[in-house]
Amino acid sequence: MSTCASGGFAFKYVNRQLAFVFFLTLMGVTLAIIPHCTTMTQMLILASVNGFSIGTFDTAINVWILEIWEEKR
């Protein structure tokens, strides 16, 4: 099964659980720092990183669920 969105392709090559922890941590850190940004550029960069992390995590979760329930088809 292949994934095209965000960084979902990487989950074929890296440990999925470690990647989940990494992206969840990245989401939390960026969300915590965004309110403290002093310039719009900083905020946009952090929001972009956060959006990429959320998209990658969401794609990976969906693929993982499909793999889990694939046997039931």
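Just so you know, these numbers come straight off a predicted model, no measurement behind them. (Residues numbered from 1 in each chain as written. Predicted model: local features only at pLDDT ≥ 70, side-chain atom pairs only at ≥ 80, totals over all residues. Heavy atoms only, no water.)

### Some remarks on the overall build of the chain
Assigned secondary structure in the chain consists of 2 helices and 0 strands. Taking all 73 residues of the chain together, 27% fall into the buried category. In the chain, the share of contacts with a sequence separation of at least 24, taken over all contacts with a separation of at least 6, comes to 60%. Accessible surface, the chain: about 5,300 Å² in total, of which carbon and sulfur atoms supply 69%. (Helix = DSSP H or I, 4+ residues; strand = E, 2+ residues; numbered from the N terminus. Buried < 20%, exposed > 50% of the residue type's maximum accessible area, 1.4 Å probe, protein only. Contact = heavy atoms within 4.5 Å. Areas by Shrake-Rupley, 256 points an atom, 1.4 Å probe, with all protein chains shown as cover.)

### Comments concerning the packing of aromatic side chains
Across all of its chains, the model carries 3 aromatic pairs by this definition. Here Phe 22 and Phe 23 contribute two aromatic rings whose centre-to-centre distance is 5.2 Å and whose plane-to-plane angle is 70 degrees, an arrangement assigned as edge-to-face. What makes Phe 23 buried here is its relative accessible area of 12%. (Phe/Tyr/Trp six-rings, centres within 6.5 Å; stacked < 30°, edge-to-face > 60°.)

### Some points on a nonpolar patch on the surface
Taken together, the side chains of Ile 65, Ile 68 and Trp 69 define a hydrophobic patch exposed on the protein surface, amounting to about 340 Å² of accessible area. When its relative accessible area of 54% is taken as the criterion, Trp 69 is described as exposed. (Patch = residues over 30% accessible without salt bridge, like charges linked within 9 Å, V, L, I, M, F, W, Y side chains within 5 Å. Salt bridge = Lys/Arg side-chain N within 4 Å of Asp/Glu carboxyl O.)

### Digging into the confidence of the model for the chain
The predicted model of the chain averages 83 in pLDDT, with 82% of residues at 70 or higher. Across residues 1-6, confidence stays below pLDDT 50; counting only partners more than four residues off in sequence or on other chains, it has 12 contacts. (pLDDT = per-residue confidence, 0-100.)

### Digging into the environment of Phe 52
With respect to the secondary-structure elements, Phe 52 resides in helix 2 (residues 40-69). Among the residues examined, Phe 52 registers a relative accessible area of 46% and is labelled partly exposed. It is 9.9 Å that separates the C-alpha atoms of Phe 52 and Leu 26, two residues lying 26 residues apart in sequence.

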